Each structure stands twice: as structure tokens, then as C-alpha cells.
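Each chain is listed here by its residues.
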Amino acid sequence: MNRSTKTGSDTNPLLQPWNTRFGIPPFGTFAAQHFVAAFDQALPAHLAELDAIANNASPASFENTLTAFDASGRLLNRVSLLFHNLTSSETSPELRSIQLEMAPRLAAHENAIYMNAALFQRIDDLHKNRASLQLLPDEMRLLERVHLDFVRAGAQLQDSQRARYGALMSELASLCTQFAQNVLADESAFVLPLETESDLAGLPDFVRAAAANAATQRDLPAGSHVITLSPSLADPFLAFSTRRDLRERIWRARQCRGANPGAHDNRPLIAQIVSLRQEQAALHGFPNYAEYELMDRMAGEPKAVFKLLQQAWEPAKAFAEIDRQALTELATQRGEPTPIAAWDWRYLAQKLRATRFDLDESVLKPYFSLNNMIGAMFDCAQRLFGLRFVEQTDVPLHHPDARLWEVRDQQDALVGVFIGDNFARPTKRSGAWMSVFRSQSGHQGGTLPIVINNNNFAKADVTLLSVDDVRTLFHEFGHGLHGLLSQVRFERLAGTRVLRDFVELPSQLFENWAMEPQVLQQHARHYQTGEPIPADLMDKLKRSRKFDQAWVTVQYTGPALMDMALHSLPLGTPIDLGAFEAEQRERWGIPADIGERHSLAHFQHLFAGASYAAGYYVYMWAEVLEADGFAAFAEAGDPFDAATAQRLLKTIYSAGNSQDPAQAYRAFRGRDPKIEPMLQKRGLLTH
């Protein structure tokens, strides 16, 4: 961003037409402070548009109310999407300060939208008379979804309740923003220096190269090596380092993110967030926040979630006990301490995997360079959906590491723009996610989607991915395809704006193609020799797929159970976070030597926003759908079967939220999903 701080509407680049290639944001022309002035203009402009709809003298119609509402706020939308993408992908002290300032303002704006009584009256009138309006299916879906959006945001509350609701939503926005910033601060501040050869003991060359690059990113002297808390660096360190004391330091540092006393302590924030969510649910007439959230999910109610999770939880613990015995035996043979600890499990599992399957990740990883795997996912998208990706290197982006591709269909028509931002850095939040700079819609003749995938791979001269990294790459690209392939009229129904426990279906389904033998044969090539991955290595990889899945399942399901338990607490329940976590670990029998993938103090899915609150279960819910769904290709005898792929495109990837998700799945599969394929995939079937 340039350093100009002129912010008037005639000089502010954010308020001018974005006459850039593809309508990409005008990176390099604006400063952080331009956002404040842009919001100052865009927020009241949007409210004025809504007042015009609400006060229209003509009777409410679908066109003058719903279509107009869906098309409103174009300026605010583009500025907000840019702002939120930058604060996640490439933040700065200035942006963080503005983010804290804007969080309550943006929440108040959203509250003003949904508390606009005249606007809701028009929508409510249409909703009451919807059976007689002769609406098309997508129009009916839009009316029903927008009406529910208003109801869930408090449009039917009484005056005193409305005021309180607006205040608590504003406070929640501020608390969630602070939570995310605290996690980023802890992650950015921590480094483990590896100063001697002893500190580097056991680390393969690819881990050493990534650790050296992480040191370079932090401007440390040449020859330095550091381990950060990025999973793509911390996880292989935990798997390969022979220094048990250093493994423990990394494990504890990851667990303690957001739970260190001082300015970045998230524990008091969580207590406030949960209390406010309890009040939010009570204002809507629900006994707890989980009930409030799940009324608009496929699961419907908490007991359905607990039932699903427990179907995996108990078998996972039983199989984990078998694995624990094997790891303990191996540790004894190697002279390692027992009983094993959480910072030992990955290390010993890596050794056991190498012994059982003659498969060492340091041998496997050279076949999975990032560039080749990007090529693999593009190839799969071409074979399934006819897409072609053409890289363009002359379009300014938010960071030099980001790359941009035109997305073209079989007729060579431009259907979208895809941006990949794949590397970890201190200015980027952890994790992996998909977002948009612009959504697809039918407005003004059709808007071109601009989709971005963010990953946090450890950068090196040649970035090599683990199998888990490859799955993450494909997972986020599945979300990306959901945004790119969207073909709906209304933005509210476009792309990934589906129910939360359906949104992970396209992403998790796409992961399956990453490990298809014909994909590996073509794209998994040694980064030095160019030789394809040997058949015996692919066979070993296939045979080892279910290895240690009990550990993976326990790591995921424990936090999902804790999420549901926390958000099932009724109004007025006091929260002592440490006591609650200890109580839940005992209640569910969470093994201490496995632990949880996320502790509450850094659990951004739950507390950096509300999207996955009472919703971390959705990955397993979607896994039931995707495991059953991918079986359709197996039944067709070809992972790229054209007819099945076309049906998948029509019913899932391009349809957005234009129909009920259960109906969408039935349209693809011909029936409801079965849970057995998911349990089989995880190796958890007990009969």
C-alpha cells in the first residue's frame, strides 16, 4: 500500500471505480487509513439505499423489495471484503487498530439493517403471502432465507429487547476481534531458536530448510534456524525432532496460545463471549446458544450432533488404546520415556509408521512439491468440471507471495479469478481458509467471482508438502471451486453461503482426488529428479491411510464435544474456563497423551467470530456426506466419471444455497447419506 493518507472521496482509491484488471482491488494505491474514510461514506450510503426500499410507496413486490435488497450495498460490500481479507492475510499495526475501531461500528450497521422495521414489514408481508406470489424456486428460497436472516438477527424483538440486542452484538464483535488479534500476537511473538546441531537432531532436510526460511522471514542472521507455531513447521518438528525437551516446548507453546497471562490473555474474553451468546439465545427464546445456532443447520438440534460425534468418539478411543500400546512398546524398545506424553505421540507414530509400512515421510515428501500439487488440483478441476487455469503475473496483489489465475471454462469464457496465498508469515493469521474479494451473482448482467485461498505452508526454496498439507491444499480449493463455479441469480444464495454443516461438503469431497492413484502418477514427481512417485511407494501410502486415524479422530472430536458442551450451557451459567475444560476432559475421557487439536483459548473457529460456534462438529457432519458422496464415483467405476461429475456440478458446486441442502444431496446421490463410509474411511468400524 502506498503511503498517501488523503482520504477524501475524490482522492480515496477505495471510493473510486476500481478500473483494474478483473476489477481486482487497487493494491498499491491505498493506505490503511483510507478504510476509515471509505467506511464513513459506504455505511450511510447503504442505509440510505435500504431506507429507499423500505419507504417505497409502491406495494411490496419481490422485485422492489427482495431483489433490491440483495443488490444493495455494493460499495460497502467491496470495501468490507477487501478490509476483512487484508486483516486476515496481510495485517499491520495500523490495520489492527482500525479493525478494533470498526468492529462495533460494523456490528451496529448490521443491527441497523435487520432492525429496520419498515423494511422487515415489507419482507414479512411477502413471506406471509409467499404461497400466492407464484415465485420461481430460487426466488422462494431467497425470500425464505432473507426472512429467516431478519428473524435470527432480532427483527421480531420488542423495542427494549432490540436495544439490548444491538448492544450485545456490538460488544461481541469487539470481543471476537480482540480474541483473534490476541492469538495472532502470541503466534507471531513465539520462535524456538535451533542454535546447535543438537537442536536440529532428527530433522530432515526439508524441515531444516523451512526452519531456515522462517528465520530469514524474521530478519535473523544467515544460518539461523527457528521453529514457529505454524502447523506446517511445528507439526513436522513434533514428528521428527529427537529432542524431547524441545518437542515439549513447541507442544506447550501451541496449547498455551491465548492463555498466557497479560495483554493477550483470551480466557476472560471467552467468559464474556459465552455469557453474551447465552443472552443472545435467550432473547430469541432458546434455552441455550447451541439450540439457537442449530435451528438453522442440517443437524437441527444438539442431540443429533452429540449422537454423530459419539458414534466416532467411543470407537476412536478404543482404537487409540490399541495404538497407545504399540507406541509404548516401541518407546520401550528405543529407550524412550514412558508413559508417553502428548509431545511424544507424533514422533513415535512416525517411527511406527515407518516400521509397519516401510514408509518414511522424509522419503515421501520430496514427491509433493507445492507447485506440482497446485498443478494436480487444477488438473482435477479440469477433468471434473472443464476448467482451465491461466496464471497472470502482471496483476498487483496484496503480497508478493500471492499468485493469480484466470479461470476459464470449456468454451474459453472467463468464469472467475483465483488467487492463491500459500505461505505462513507473521502478518497472517494461522490456519487455512477460503474467502472472496467479490462474490458471483446475476446482478448487472453477472458479477465475476474473485476467490482467494489462504494456506500457511512453511516457505522454502522448493516448498514440499506433507500428505496432510496436500489434503489441506485440496480442501481449500474445494471451497474455492464452490465460489468459482457458483451460477445463481442472487448473491445471498451464491457460492459458499449455504448452511454451515453443508459448506464443508464441497471442500472435503475434493480432498478425495488428492490421493487418487492416477493423479499421483501424473503429478507426484520428485522435486529434484522429476521421476514419478514409485508404484510401491503409492501402495505403501494407500495401505497406511488408516494408520493413526484414531489419534486424528480423538484430536478433532474432543474439541467438537467441548464446543457443544460449552454452548449448551443455559443463561447465567458462570464460566471458569480452566475448570470447565478439566471437567469436560474428565467427562468425555479425553486422553492426556493425545489432547485436543484446539484448546479453547486459541479456538478461533469458536471465538474469532460466530461462524463455527456450536458448529465445530460440521467437519464430521460433512465427512459423512462426502464419504458417501465420493462412493458415487467408485460405483461408476471412474473417479472422473463424466456423468457423475456433471451431476455433482449441477446439484452441489454451482447451486449455492438455491435449494435445501438435504434436497441438494438427494438430487446428487439419489438418497440420503449413510454414516458407514465415513467410519470405514477412518478405520472405526467395529464389525
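Heads up: the structure comes first, above all this text.
A brief report on the enclosed structure follows. Keep in mind that what you see is a predicted model, and the values were worked out from it rather than measured. (Residues numbered from 1 in each chain as written. Predicted model: local features only at pLDDT ≥ 70, side-chain atom pairs only at ≥ 80, totals over all residues. Heavy atoms only, no water.)

## Remarks on the overall build of the protein
On a plain count of helices and strands, the protein comes out with 27 helices and 7 strands. Relative to the globule expectation of 26 Å for 687 residues, the C-alpha radius of gyration of the protein, 25 Å, shows essentially globular dimensions. Its C-alpha atoms give the protein principal-axis dimensions of roughly 80 × 60 × 55 Å. Counting only residues that meet the buried cut, the protein has 59% of its 687 residues in that class. The long-range share in the protein, meaning contacts at least 24 apart out of those at least 6 apart in sequence, stands at 74%. Working note: accessible area of the protein is about 27,000 Å², and carbon and sulfur atoms make up 50% of it. Between the centroid of the 68 positive side chains of the protein and the centroid of its 80 negative side chains there is a distance of 1 Å. (Helix = DSSP H or I, 4+ residues; strand = E, 2+ residues; numbered from the N terminus. Rg over C-alpha atoms; globule rule 2.2 N^0.38 Å. Buried < 20%, exposed > 50% of the residue type's maximum accessible area, 1.4 Å probe, protein only. Contact = heavy atoms within 4.5 Å. Areas by Shrake-Rupley, 256 points an atom, 1.4 Å probe, with all protein chains shown as cover. Lys, Arg positive; Asp, Glu negative; His and termini not counted. Charge placed at Lys NZ, Arg CZ, Asp CG, Glu CD.)

## Some words on the sheet that holds strand E3 (residues 388-392)
Working definition: the strands of a sheet are paired by backbone hydrogen bonds and lie parallel or antiparallel to each other. Pairing within the open sheet is mixed, and its 5 strands lie in the order E3-E4-E5-E7-E6. In this open sheet, the two strands that pair with only one neighbour each are E3 and strand E6 (433-438). Across the sheet, the mean angle from the axis of one strand to that of its neighbour is 30°, orientation sign disregarded. Here 6 bridges tie strand E5 (residues 414-423) to strand E7 (residues 450-457), and the two strands are oriented parallel to one another. Following the sheet pairing, Asp421 is matched in E7 by Asn454. (Pairing = 2+ DSSP bridges. Axes fitted to C-alpha atoms, helices over the stretch in contact; angles between N-to-C directions.)

## Overview of helix H24 (residues 618-636)
Compared with an ideal rise of 1.5 Å per residue, which puts 19 residues at 27 Å, H24 spans 27 Å between its outermost C-alpha atoms and is within 8% of the ideal. Counting buried positions along H24 gives 15 out of 19 residues, so the element sits mostly inside the fold. (Expected span 1.5 Å × (residues − 1).)

## Notes on unusual backbone geometry
Looking along the chain, the bond that leaves Thr338 and enters Pro339 is cis, with omega of -5°. For Pro339, the position within the fold is in the loop between helix H13 (302-334) and helix H14 (342-357). Located in the positive-phi region is Phe22, a residue other than glycine, with phi close to 70°. Mapped onto the elements of the fold, Phe22 is located in the segment before helix H1 (34-54). Non-glycine residue Asp412 carries a positive phi angle of around 70°. Its location among the elements puts Asp412 in the loop between strand E4 (403-408) and E5. With a relative accessible area of 39%, Asp412 lands in the partly exposed category.

## Structural notes on helix H25 (residues 642-653)
Within the span of H25, buried status applies to Thr644, Ala645, Leu648, Leu649, Thr651, Ile652 and Tyr653. Buried positions along H25 lie against helix H16 (370-385), helix H17 (467-484), helix H18 (500-511), H24 and helix H26 (661-669).

## A closer look at the pattern of salt bridges
With the rule as written, the count across this model stands at 46 salt bridges. Residue Asp394 is joined to Arg21 by a salt bridge in which the shortest nitrogen-to-oxygen separation is 2.9 Å. Note that Asp394 is positioned in the loop between E3 and E4 and Arg21 in the segment before H1, a separation of 373 residues in sequence. Between Arg543 and Asp539 there is a salt bridge, with the nearest N and O atoms lying 3.1 Å from each other. With Arg543 and Asp539 both in helix H20 (residues 535-543) and 4 residues apart, the pair spans about one turn of that helix. Several salt bridges converge on common partners, so that one network encompasses Arg21, Asp394, Glu406 and Arg408. (Salt bridge = Lys/Arg side-chain N within 4 Å of Asp/Glu carboxyl O.)

## Some thoughts on the packing of aromatic side chains
We describe a pair of aromatic rings using the distance from one ring centre to the other and the angle between the two ring planes. In this structure the tally under the stated criterion is 38 aromatic pairs. Between Tyr289 and Tyr292, the aromatic rings sit 5.7 Å apart at their centres with planes inclined by 50°, giving tilted as the arrangement. Of this pair, Tyr289 and Tyr292 both sit in helix H12 (residues 289-294), separated by 3 residues, roughly a single helical turn. When its relative accessible area of 2% is taken as the criterion, Tyr289 is described as buried. An aromatic cluster is defined as three or more aromatic residues linked by ring pairs; in this entry it consists of Phe378, Phe389, Trp405, Phe418, Phe474, Phe477, Phe510, Trp513, Phe630 and Phe633. Positioned over the ring face of Tyr347 is Arg247, at 4.1 Å from the centre of the ring. One Lys or Arg, Arg383, reaches over the ring of Phe640 and ends 3.9 Å from the middle of that ring. (Phe/Tyr/Trp six-rings, centres within 6.5 Å; stacked < 30°, edge-to-face > 60°. Lys NZ or Arg CZ within 6 Å of the ring centre and 35° of its normal.)

## Comments concerning the packing of H24 against H26
Contact pair H24 / H26: the axes reach a minimum separation of 10 Å and the direction vectors enclose 20°. In this view, H24 runs roughly parallel relative to H26, as classed from their interaxial angle. In this structure, H24 crosses over H26, and the sense of that crossing is left-handed. For the pair formed by H24 and H26, the contact residues are Leu625, Asp628, Gly629, Ala631, Ala632, Phe633 and Glu635 on the first element and Tyr665, Phe668 and Arg669 on the second. Counted by class, the contact of H24 with H26 contains 6 nonpolar, 1 polar and 3 charged residues. (Parallel < 35°, antiparallel > 145°, perpendicular 65-115°, else oblique. Left-handed = near helix turned anticlockwise from the far one by under 90°. Nonpolar A, V, L, I, M, F, W, Y, C, P; charged D, E, K, R; others polar.)

## Considering the pairing of E7
With 8 of its 8 residues buried, E7 lies for the most part within the structure. On E7, burial covers both faces: Ile450, Ile452, Asn454 and Asn456 on one face and Val451, Asn453, Asn455 and Phe457 on the other are all buried. In terms of strand pairing, E6 meets E7 through 5 bridges, oriented antiparallel. Directly across from Arg438, in E7, lies its bridge partner Ile450.

## Here we look at the nonpolar core
Phe368 and Phe389 are the most contacted members of the largest nonpolar core, which totals 142 residues. If one sorts the elements of this core by residue count, H13 sits on top with 12 residues. Setting aside chain neighbours within four positions, we find Phe368 in contact with Met373, Thr463, Leu464, Leu465, Val467, Val470, Met515, Leu520, Ala524, Ile533 and Leu541. One finds Val79, Leu106, Ala402 and Val417 within the second-largest nonpolar core, a separate group that totals 33 residues. (Core = buried A, V, L, I, M, F, W, Y, C linked by side-chain atoms within 4.5 Å.)

## Concerning the side chain of His109
Mapped onto the fold, His109 is located in helix H4 (residues 93-114). When its relative accessible area of 8% is taken as the criterion, His109 is described as buried. A polar atom in the side chain of His109 sits 2.9 Å from the side chain of His46. When near neighbours in sequence (up to four residues on either side) are disregarded, His109 contacts Leu43, His46, Leu47 and Leu76. (Polar contact = N/O pair within 3.5 Å; in protein donor to acceptor, adjacent residues only side chain to side chain.)

## Notes on the environment of Gln272
Assignment of secondary structure puts Gln272 in helix H11 (residues 267-283). With relative accessibility at 34%, the residue Gln272 sits in the partly exposed group. Taking the C-alpha atoms as reference points, Gln272 and Ala180, 92 residues apart in sequence, are found 15 Å from one another. Discounting residues that sit within four places of it in the chain, Gln272 has contacts with Glu171 and Leu175.

## Brief notes about the side chain of Gln555
As for its position among the elements, Gln555 is in helix H21 (residues 549-567). A residue is classified by how much of its surface remains accessible, and Gln555, at 11% relative accessible area, is buried. A polar contact of 2.9 Å, which involves the side chain of Gln555, links it to the backbone oxygen of Ile594. Ignoring sequence-local partners within four residues, the contact set of Gln555 consists of Ile594, Gly595, Glu596 and Arg597.

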